[in-house]
Amino acid sequence: MTEVTRPSLIASDVDGDSVVDVIVIGAGPVGENVADRVVQGGLTATIVERELVGGECSYWACMPTKALLRDAAALRAARALPAAGRAASGILDPAAVFARRDRFAEHWHDSDQVDWLRSAGITLVRGQGRISGPRTVTVTDTADGTTTHLRARHAVVVATGSSAHMPPIAGLADVTPWTNREAAATQKVPDRLAIIGGGVVGAEMATAFHALGSHVSLISHTRLLPRAELFASEHVTEALRSAGVALHLDADAVEARRKDSGILEITLSDGSTVAADEVLVATGRVANTTDIGLDRIGLEAGRWMTVDHTLAVLDQNGQPIGDETGADPGAAWLFAAGDVNRRAPLTHHGKYQARALGDAIVARANGAEPGLDPWGRHAVTADERALAQVIFTEPEVATVGLTAQEAAAAGRDTRVVDYDLGKVAGAALHADHYRGQARIVIDATRNTVIGFTAVGPDVAELLHAATIAIAGEVPLDRLWHAVPAYPTISEIWLRLLETDGRDHVTASVALVTADSATDAAAA
């Protein structure tokens, strides 16, 4: 039978459907946050999950992959100092790395996450959830086929996430390729690992498995990290090459086959071949919408869900999907948050959407209008203006807001300011021969930061200061008063401001000054 974990009783309607305020399909971090905000707002929520509660991030992405990377990062940091480097003279023990990774992945059991749902007052129904009509979801137990019928008073939220994309490479499916899941959960270090894809997953896993002892070959039809600033990509490319990773850039994998010996051979577009024991495919993601009932509401299965600024799902005509039979005819009832809407496919931004959406559903249920103006309580403005990401390569890349290229493409009038991180006193103390770079992209009209990128060892913790500056739209004149502690790497902010100069005045500041002068003259 379908497993139902109920913290409290759920009402039933005349058709026998279980009635709840909000139904969430997908119990990853995004779905959990939507349900939690709804319950904290006084509504009831049921969450549907076909796999492990906690989702991709908890078991096959964010947490286990960063655990794979962390030991090597700590060892590199120690070896960047003379005395610590002599003390850290050994090599990584992959078994110990995997054991720590297993703890972070809860050994691929979700009992703790289920206990949290129960403690939060959220009902869990296990099985495949499918939209079966307006505000209705049918859950089928994947073991015995029994069904549970759910009906939502207010909203259905799709938070089913995404899965690894498998490119149409001849023979690839026959060689049993790894995706991020196999890489995150492996208990062995392949002697030779080929990686197809030079994005975040490919670059991070090249860093991780090289450190664990694999001979890594990475194949990418673009430069590494193509969405990052070029200088950041170049730093990571140089570091991987120097470490011994074989990089095949601007090349495509066109065929894969496994020989009788068991060796995997990948043929590239230039005719060369790469030999490996395993191949990891990291060429992007596809939406987990193939089997959630989208055809029942006129949408195409398997496609990303298009949403408006409220995260309401749009139909083929670009209109929010409404229910003419509900208590509020025409009102949107179907929403999508997280990877599945493709706005900002990062766990932390998915959870940001979830918090805003959950609170907005509660507001509407209570007869209030959500605050959807830019930076409003229920808006998701940061997805467009302050998208933040850390790439845990060696060196790390931290980025938020627009790159210089994105700002130029958007027609923004900008100034671009660069500074050598290695010249900051805190960086010199942090590691001998520290190498890195930081950049801010400035809106020249408003004199505010709209983009920040840093590349270098341990730059991840620099990111949130930049995020606050961008989300807060803090004028540079005010940032001069944010004094960085000495000697820390955060002093990069002072160096960037000094490089930009202090004579840039925003139009708004000039207007205030002129108005003040007029007032003074009148007095």
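Here, the structure is the one placed above.
Residues numbered from 1 in each chain as written. Predicted model: local features only at pLDDT ≥ 70, side-chain atom pairs only at ≥ 80, totals over all residues. Heavy atoms only, no water.

K.L.:
Explain the overall build of the chain to me, and be specific about the residues and the numbers.
P.N.:
Secondary structure summary: the chain contains 17 helices and 23 strands in total. The C-alpha atoms of the chain give a radius of gyration of 25 Å, which matches the 24 Å a tight globule of 523 residues would have. Taken along the three principal axes of its C-alpha coordinates, the chain extends 90 × 70 × 45 Å. For the chain, the proportion of its 523 residues judged to be buried stands at 50%. For the chain, restricting intrachain contacts to residue pairs at least 6 apart in sequence, the fraction spanning at least 24 positions comes to 63%. When the accessible surface of the chain is summed, it comes to about 23600 Å², and 52% of that surface belongs to carbon and sulfur atoms. Once the 45 positive and 66 negative side-chain charges of the chain are each reduced to a mean point, those two points are 3 Å apart. (Helix = DSSP H or I, 4+ residues; strand = E, 2+ residues; numbered from the N terminus. Rg over C-alpha atoms; globule rule 2.2 N^0.38 Å. Buried < 20%, exposed > 50% of the residue type's maximum accessible area, 1.4 Å probe, protein only. Contact = heavy atoms within 4.5 Å. Areas by Shrake-Rupley, 256 points an atom, 1.4 Å probe, with all protein chains shown as cover. Lys, Arg positive; Asp, Glu negative; His and termini not counted. Charge placed at Lys NZ, Arg CZ, Asp CG, Glu CD.)

K.L.:
Tell me about the packing of aromatic side chains, and please be specific about residues and values.
P.N.:
The description of an aromatic ring pair uses the distance of the two centres, along with the angle that the planes make with each other. Applying the stated criterion across every chain yields a total of three aromatic pairs. Seen from their ring centres, F452 and W493 are 5.3 Å apart, and the 10° between their planes marks the pair as stacked. Taken together, the residues F452 in strand β23 (residues 448–456) and W493 in helix α16 (residues 492–500) connect sequence positions 41 residues apart. You'll find F452 and W493 in the same group, each marked buried. (Phe/Tyr/Trp six-rings, centres within 6.5 Å; stacked < 30°, edge-to-face > 60°.)

K.L.:
So what's going on with the packing of helix α3 (residues 62–79) against helix α5 (residues 94–104)? Residues and values would help.
P.N.:
Viewed as axis vectors pointing N to C, α3 and α5 meet at an angle of 150°, and their least axial separation amounts to 8 Å. Here α3 is positioned roughly antiparallel relative to α5, judged by the angle of their axes. Once α3 is placed against α5, the crossing between them reads as right-handed. Contacts from M63, P64, A67, L68, R70 and D71 of α3 reach α5 at V97, F98, R100, R101 and F104. (Axes fitted to C-alpha atoms, helices over the stretch in contact; angles between N-to-C directions. Parallel < 35°, antiparallel > 145°, perpendicular 65-115°, else oblique. Left-handed = near helix turned anticlockwise from the far one by under 90°.)

K.L.:
Can you lay out the nonpolar core for me, pointing to particular residues and giving the numbers?
P.N.:
Ranked by internal contacts, the top residues of the largest apolar core, which has 89 residues, are M305, L334, F452 and W493. What W493 contacts, discounting residues up to four positions off in sequence, is I440, V449, F452, A465, A466, A469 and L479. F98, I195, V216 and L240 belong to the second largest nonpolar core, which has 29 residues in total. (Core = buried A, V, L, I, M, F, W, Y, C linked by side-chain atoms within 4.5 Å.)

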